[in-house]
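Structural features, examined
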Amino acid sequence: CMRESYQQEVGAGSKCLRPDLGRVVVVGGRGRLGKRFAEYFTASGYQVSVLDKDDWHQATELLADAGLVILSVPINVTEAVIEALPALPAHCTLMDLTSIKEQPLGWMLAKHPGPVLGLHPMFGPDVSSFAKEVVLYCQGRGDNDWLIAQMGLWGAKLVAVDAAEHDASMGFIQALRHFNSFAYGLHLKASGADLNKLLTMSSPIYRLELAMVGRLFAQDPSLYADIILSNSQHLGVIKGFREQLNQVIALLEANDKAGFIERFEEVASYFGPLASDFMHESQLLLAKSKDSRSG
Ligand code: NAD
């Protein structure tokens with residue numbers, strides 16, 4: 001049964017590194033990602049409580065013996081939620097899961113004099129398990145090694161990053177990608193393209209590429225709006241991309257095949273050996289997707 005195998009997976013390697021920690025409080029723990037972290041800490045034997053938006057009357061009581069507070073609220077209320085927290089026990093770690101890092105880390109450090117850790121799980125709540133998923137962390141203050149080790153026991157791949165560098169990189173990893181998918185979907189719709197007809201004419205590679213766009217629209221629009229809007233640098237990245245589009249269109253308008261090839265080769269050497277690695281990797285992915293789709 002799905003549920004059983006899922007629970008086994010959650011429990012796998014879930015030794016409790018801090019049995020004496022005190023309560024783990026997940027603020028926003030009824031939400032999608034917070035719920036998953038609550039499940040994992042529970043499966044590792046921690047005492048977990050949820051503080052969601054209607055539970056603030058219990059905040060002082062729940063937080064009195066907290067050893068770890070995890071913030072998993074919508075990006076746009078993060079600052080207000082940090083401000084609303086009562087004083088936490090001195091040894092309690094304050095950690096957030098926000099998709100941006102520099103500002104929340106600053107707000108948490110200003111709020112709480114004890115241990116602080118910024119976390120960005122690079123996956124959505126729909127993953128079957130945390131195994132092999134990348135979790136970025138920005139050290140704030142204090143000893144958080146046990147917490148990083150605990151998540152490592154769950155199979156996650158923990159990677160240390162500087163908060164400012166994190167936010168700048170997300171312009172490419174998230175904002176530009178999500179923007180692209182959004183604009184692509186918007187344009188298909190505006191063009192009145194018949195998706196089913198396009199799919200009939202698509203072999204697995206084209207289907208997979210369309211799937212990468214379409215999956216965006218099965219998710220929460222406000223999460224993606226918040227991710228793109230969360231950092232003013234992201235708009236600069238997107239505008240730079242628009243400028244790139246204009247330059248490529250100019251090449252095509254000039255029927256400049258040689259120019260196109262020249263640009264293409266410049267990008268190929270920029271990707272270097274990664275280009276053929278990606279060719280190989282996507283071939284494997286395609287072979288798998290052929291196996292798993294019947295018909
Ligand atoms: P969500 O909307 O599913 O959950 C947010 C939860 O916070 C809800 O249960 C909501 O009731 C609660 N909440 C709202 N206001 C509150 C308040 N004032 N006090 C207490 N609780 C409040 O959102 P999510 O997708 O789980 O995202 C949560 C955080 O995780 C965000 O910071 C997001 O950037 C981050 N994140 C999400 C994903 C993802 O794919 N969903 C991935 C990485 C990081």
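Placed above this text is the structure.
Every chain is numbered independently, its residues counted from 1 as its sequence is written. pLDDT decides what is reported in this predicted model: residues at 70 or higher carry local features, side-chain atom pairs at 80 or more are listed and counted, and totals for whole chains, interfaces and linings draw on all residues regardless. In computing side-chain values, all of the structure's heavy atoms are included and hydrogens and water are not.

1. Observations regarding the overall build of the protein
- Helix and strand definitions follow DSSP, with helices as H or I runs of at least four residues and strands as E runs of at least two, each counted in order from the N terminus. Secondary structure assignment for the protein yields 13 helices and seven strands.
- In the protein, the proportion of contacts linking residues at least 24 apart, taken out of those at least 6 apart, comes to 66%.
- Accessible surface area values rest on a Shrake-Rupley calculation with a 1.4 Å probe, where residue burial reflects the displayed protein chains alone. For the protein, the exposed area adds up to about 17,400 Å²; of that, 59% sits on carbon and sulfur atoms.
- Looking at the protein, you have 26 positive and 33 negative side-chain charges, and the mean spots of the two groups are 6 Å apart. Any pair of residues with heavy atoms lying within 4.5 Å of one another is described as a contacting pair. Working convention for charge: Lys and Arg count positive, Asp and Glu count negative, and His plus the chain ends are omitted. Where a charge lies is defined by one atom per residue type, namely NZ (Lys), CZ (Arg), CG (Asp) and CD (Glu).

2. Some words on the packing of helix α7 (residues 163–190) against helix α11 (residues 232–253)
- Axis lines are fitted to C-alpha atoms, over the contacting stretch for helices. Their N-to-C directions set the angle, which ranges from 0 to 180 degrees. Where α7 contacts α11, the axes come no closer than 9 Å and their chain directions differ by 55°. By the angle class used here, α7 and α11 are oblique. Helix-helix and strand crossings are classified by hand; for α7 and α11 the assignment is right-handed. Contacts from Asp167, Ala168, Met170, Gly171, Phe172, Ala175, Leu176, Phe179 and Asn180 in α7 reach Gln233, His234, Val237, Ile238 and Phe241 in α11.
- Under the scheme applied here, ten amino acids are nonpolar (Ala, Val, Leu, Ile, Met, Phe, Trp, Tyr, Cys and Pro), four are charged (Asp, Glu, Lys and Arg), and all others, including Gly, are polar. Taken together, the residues of the contact of α7 with α11 break down into nine nonpolar, four polar and one charged. Comment on the angle field: the value is read as roughly parallel under 35 degrees, roughly antiparallel over 145, roughly perpendicular from 65 to 115, and oblique elsewhere. Crossing handedness: left-handed means the near helix sits turned counterclockwise from the far one by under a right angle, and right-handed means the same turn made clockwise.

3. Quick word on the pattern of salt bridges
- Any Lys or Arg side-chain nitrogen found within 4 Å of a carboxyl oxygen on Asp or Glu counts as a salt bridge. Enumeration over the complete set of coordinates arrives at eight salt bridges.
- A salt bridge links Arg23 to Asp65, with the shortest nitrogen-to-oxygen separation between them at 3.1 Å. Of this pair, Arg23 sits in strand β1 (residues 23–27) while Asp65 sits in the loop between α3 (59–63) and β3 (66–71), and the two are 42 residues apart along the sequence.
- For every residue, the accessible area obtained with a 1.4 Å probe (protein chains only) is divided by the maximum for its type, and the residue is called buried under 20%, exposed over 50%, and partly exposed between those limits. Since its relative accessible area comes to 16%, Arg23 is described here as buried.

4. Regarding the nonpolar core
- In this structure, Phe41, Leu68, Met95 and Leu119 are the most contacted members of the largest nonpolar core, which totals 26 residues.
- Every element with two or more residues in this core is listed here: β1, α2 (32–43), β3, β5 (116–121), β6 (134–141) and α6 (145–153).
- When residues in this core are grouped by element, the largest group, five residues, is from α2.
- Those residues in contact with Met95 that lie beyond four places of it in its chain are Leu68, Val69, Ile70, Leu71, Met108, Leu117, Leu119, Leu147 and Met151.
- We call a set of buried Ala, Val, Leu, Ile, Met, Phe, Trp, Tyr and Cys residues a nonpolar core when their side-chain atoms join them within 4.5 Å. Ranked by size, the runner-up nonpolar core spans 21 residues in total, among them Val27, Val69, Val73 and Val116.

As far as function goes, none of this settles anything; it's purely spatial.
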